[in-house]
Amino acid sequence: MSTPAPRQGPVRPPEKGAFPLDHLKECTDIAVEYQKCLREQKSVSFRCRELARKYLDCRMKSGLMAETEWDELGFRDKDSDVKVKEFSPGGKAMYAGMKLQHEREPKD
């Protein structure tokens, strides 16, 4: 006897449509440069925003994704770009997901 397969809900397409692979490698150099930046910056993505923007621009110009306004992709115009400040208690940079370790005073 076999067990019935679990039922799944209706399949929905991605919100922004398909994201086809870059078979002609038109944007591969920029993608590699972006990944290198992320490794060097310990995955702090806002430090590599210009490369991300450059990569998405390449994909739009190559027809690999729909032309989309930058603010819809999380970018602002370069002139009005907001600078992200790092919170660094005690000289150590803090990012989302990191736990703050407090120094404990010895008990008497």
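Residues numbered from 1 in each chain as written. Predicted model: local features only at pLDDT ≥ 70, side-chain atom pairs only at ≥ 80, totals over all residues. Heavy atoms only, no water.

### Looking at the packing of aromatic side chains
For step 1, the next point in the chain: Here the structure, examined in full by the defined rule, presents one aromatic pair.
For step 2, the next point in the chain: Taking 5.5 Å as the distance between ring centres and 85° as the angle between the ring planes, the aromatic pair formed by Trp70 and Phe75 counts as edge-to-face. You'll find Trp70 and Phe75 in the same group, each marked buried.
For step 3, the next point in the chain: For the cation-ring pair, Arg53 lies above Trp70, with the distance from its terminal atom to the ring centre recorded as 4.6 Å. (Phe/Tyr/Trp six-rings, centres within 6.5 Å; stacked < 30°, edge-to-face > 60°. Buried < 20%, exposed > 50% of the residue type's maximum accessible area, 1.4 Å probe, protein only. Lys NZ or Arg CZ within 6 Å of the ring centre and 35° of its normal.)

### With respect to the packing of helix 1 (residues 28-40) against helix 2 (residues 49-61)
A pair of packed helices is captured by two measures, namely the crossing angle of their axes and the spacing between those axes.
For step 1, the next point in the chain: For the pair helix 1 and helix 2, interaxial distance at closest approach is 9 Å and the crossing angle is 160°. Compared by their axis directions, helix 1 and helix 2 come out roughly antiparallel. Once helix 1 is placed against helix 2, the crossing between them reads as left-handed. Contact with helix 1, carried on its side by Ile30, Ala31, Glu33, Tyr34 and Cys37, involves Leu51, Ala52, Lys54, Tyr55 and Cys58 of helix 2 and no other residues of that element.
For step 2, the next point in the chain: Partitioned by chemical class, the residues of the contact of helix 1 with helix 2 number eight nonpolar, no polar and two charged. (Axes fitted to C-alpha atoms, helices over the stretch in contact; angles between N-to-C directions. Helix = DSSP H or I, 4+ residues; strand = E, 2+ residues; numbered from the N terminus. Parallel < 35°, antiparallel > 145°, perpendicular 65-115°, else oblique. Left-handed = near helix turned anticlockwise from the far one by under 90°. Contact = heavy atoms within 4.5 Å. Nonpolar A, V, L, I, M, F, W, Y, C, P; charged D, E, K, R; others polar.)

### Focus: the state of the cysteines
For step 1, the next point in the chain: Taken as a whole, this structure holds two disulfides when the rule is applied.
For step 2, the next point in the chain: Here Cys27 engages in a disulfide with Cys58; their sulfurs sit 2.1 Å apart. Between Cys27 and Cys58, the S-S dihedral sits near -90°, and the bridge is therefore left-handed. Of this pair, Cys27 sits in the segment before helix 1 while Cys58 sits in helix 2, and the two are 31 residues apart along the sequence.
For step 3, the next point in the chain: Residue pairing for Cys37: its cysteine sulfur links by disulfide to Cys48, the two sulfurs lying 2.0 Å apart. When the S-S torsion is -90°, as for the bridge of Cys37 with Cys48, the disulfide is left-handed. One end of the pair, Cys37, is in helix 1; the other, Cys48, is in the loop between helix 1 and helix 2, with 11 residues separating them in the sequence.
For step 4, the next point in the chain: On the basis of relative accessible area, Cys37 is assigned to the buried category, the value being 11%.
For step 5, the next point in the chain: The buried category is assigned to Cys48, whose relative accessible area is 2%.
For step 6, the next point in the chain: Counting its disulfide-bonded cysteines in sequence order, the protein shows a connectivity of 1-4, 2-3. (Disulfide = S-S within 2.5 Å.)

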